[in-house]
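# Geometric and topological summary
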Amino acid sequence: MRRIPAIGPLRAVAALLVLLSHVAFWTGAANVDGAGRLLARGDSGVAVFFAISAYLLTRGYCAGRATPPDYARRRVARIMPAYWLALVAVLGAAVVIDGTVGSLRQVLTHVFLLQGFTHESYRAFTQTWSLTTEVTFYVLVPVIGAWLLPRRAAGRTVPVVLVLLAAFGVLVQAFASSQGTPTWGWLGTSALGHAAWFCVGIGWAWMLEQRPGIASRLTAGHAVLVAMLAYVLAATPLGGPIGLETPTVLAAAAKEILYGIVAGALLVAATNAPREVQRRSSTGLALASGETSYGVFLWHLVVLQALFASLGLRIFHAPFVLVLTVTLVVTWFLADASRRFVERPAIRWGHRGAPRRTR
């Protein structure tokens, strides 16, 4: 399977989008017309993460690079050690700032990554609902991989099924929105509710394997333009409210589709980027940004919470530029430490005994 260096910086873009959306929400900048709505739609970075995971994992699994036990060990090694370290910091912040870590049930829910189902997240860990969804997808990858094996998936069955599954996911999202109650909230954030975003990645992996001629015709420049257009449309009232209000059925469906287009277009841009872009993506800051993206995703909210508490800032009434700058710098430092001392050793453990890749 050809290595694509530009996927790393794309991960960094996704993490930065999520960070921007949270800084905009906490400072109140999201409430400013125009620019605020654009910042608020940074939560589309989650769709990008899902599409990347679906693309890499299904394509890699179909290439037969690991047995199911090896695959499971690698996924645990990649996700959990860094996650548990960040969770310790979140619990510490909860004790210092709020005076409590909540119930034992809430703590255990986070230890085992179940908060996406219960919606009982700490203020500094609300973004991790998406990890519950992603891990659910990890469990499904062996089944999807068996279905996508090239000898079985050369015809039109795969794209038709993926389109139908993505459409069903959008309907599920709309249904969850129509209920407007916490009872169905988990469904909207589940792997089924976001099936469209995962299908984007699976579909592109299939295209590159089965229809490489067609896939190569999609230029990176045009894909970026499509992503930008979809992003701007999502920031209009078409994409629904930017706060915590429940969107209408149509807005929920439109937002899901537009975020899927953003994720798919950026994935196309990364995989079809020119050689020079790929070369630069494998060195220096571009490489480091991709490798620290998971840490940025994990740490930015606890940094935000600590910053607001230490400076006595009021939520929704804080200076955006100051908060963004400090959050970026401190989060990068913590994410880089996580990459060096936690993630890299864990990944090496997860891949022990694996054959060396050729590049």
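This paragraph deals with the overall build of the chain. Scanning the chain from terminus to terminus reveals 17 helices and zero strands. For the chain, the C-alpha radius of gyration of 20 Å lies close to 21 Å, the compact-globule estimate for 359 residues. Along the first, second and third principal axes, the C-alpha set of the chain runs to 60 × 45 × 40 Å. Counting the 359 residues in the chain, one finds 50% classified as buried. Within the chain, contacts between residues separated by at least 24 positions form 78% of all contacts whose residues are at least 6 apart in sequence. Accessible surface computed for the chain: about 17,200 Å², of which carbon and sulfur atoms make up 69%. Computed over 31 positive and 13 negative side-chain charges, the separation of the two mean positions in the chain equals 11 Å.

The next thing to look at is the nonpolar core. Grouped together as the largest cluster of nonpolar side chains are 94 residues, with contacts concentrated most on Tyr55, Tyr83, Phe137, Trp204, Leu267, Tyr294 and Leu298. Contact partners of leucine 267, with chain neighbours within four places excluded, come to Ile7, Leu10, Ala51, Ile52, Tyr55, Gly201 and Trp204.

This model, assessed by the stated rule, comprises 12 salt bridges. Two residues, arginine 78 and glutamate 343, come together in a salt bridge whose shortest N-O distance is 3.1 Å. Taken as a pair, arginine 78 in helix H4 (residues 68-98) and glutamate 343 in helix H17 (residues 320-350) lie far apart in primary sequence, 265 residues in all. Ionic pairing is found between aspartate 336 and arginine 340, a salt bridge with its closest N-O pair at 2.8 Å. Of this pair, aspartate 336 and arginine 340 both sit in helix H17, four residues apart, roughly one helical turn. Take arginine 340: its relative accessible area is 44%, and that puts it in the partly exposed class. Each of the salt bridges in this network shares a partner with another, and the network as a whole consists of Glu291, Asp336, Arg339, Arg340 and Arg344.

What follows concerns a nonpolar patch on the surface. There is a patch of nonpolar side chains on the surface, built from Leu104, Leu108, Phe112, Leu114, Phe117, Phe175, Trp184 and Trp186 and spanning about 790 Å² of accessible area. Looking at tryptophan 186, the relative accessible area reads 34%, which means it is partly exposed.

Time to look at the packing of helix H8 (residues 157-179) against helix H10 (residues 195-210). At a minimum axis separation of 8 Å, H8 and H10 run at an interaxial angle of 165°. Between H8 and H10, the angle is such that the two are roughly antiparallel. Our pair here, H8 against H10, has a crossing hand that is left-handed. On H10, the residues that touch Val158, Pro159, Leu162, Leu165, Ala166, Gly169 and Val170 of H8 are Ala195, Ala196, Cys199, Ile202, Gly203 and Trp206. Of the residues belonging to the contact of H8 with H10, the class tally is 11 nonpolar, two polar and no charged.

Look at aspartate 336 and you get buried, because its relative accessible area is 15%. In this structure the side chain of aspartate 336 is engaged in a polar contact, spanning 2.8 Å, whose partner is the side chain of arginine 340.

Packed helices, taken two at a time, are described by their axes: the angle between them and the distance between them. Running from amino to carboxyl end, H8 crosses helix H13 (residues 249-271) at an angle of 145°, the nearest separation of the two axes being 8 Å. Both H8 and H13 take part in a crossing whose hand is right-handed. From H8, Val170, Gln173, Ala174, Ser177 and Ser178 reach across to H13, where they touch Val249, Ala252, Ala253, Glu256 and Ile257. Of the residues belonging to the contact of H8 with H13, the class tally is six nonpolar, three polar and one charged.

Parameters at a glance
Residues numbered from 1 in each chain as written. Predicted model: local features only at pLDDT ≥ 70, side-chain atom pairs only at ≥ 80, totals over all residues. Heavy atoms only, no water. Helix = DSSP H or I, 4+ residues; strand = E, 2+ residues; numbered from the N terminus. Rg over C-alpha atoms; globule rule 2.2 N^0.38 Å. Buried < 20%, exposed > 50% of the residue type's maximum accessible area, 1.4 Å probe, protein only. Contact = heavy atoms within 4.5 Å. Areas by Shrake-Rupley, 256 points an atom, 1.4 Å probe, with all protein chains shown as cover. Lys, Arg positive; Asp, Glu negative; His and termini not counted. Charge placed at Lys NZ, Arg CZ, Asp CG, Glu CD. Core = buried A, V, L, I, M, F, W, Y, C linked by side-chain atoms within 4.5 Å. Salt bridge = Lys/Arg side-chain N within 4 Å of Asp/Glu carboxyl O. Patch = residues over 30% accessible without salt bridge, like charges linked within 9 Å, V, L, I, M, F, W, Y side chains within 5 Å. Axes fitted to C-alpha atoms, helices over the stretch in contact; angles between N-to-C directions. Parallel < 35°, antiparallel > 145°, perpendicular 65-115°, else oblique. Left-handed = near helix turned anticlockwise from the far one by under 90°. Nonpolar A, V, L, I, M, F, W, Y, C, P; charged D, E, K, R; others polar. Polar contact = N/O pair within 3.5 Å; in protein donor to acceptor, adjacent residues only side chain to side chain.

From the geometry alone we can't say anything about function, so treat these as descriptive.
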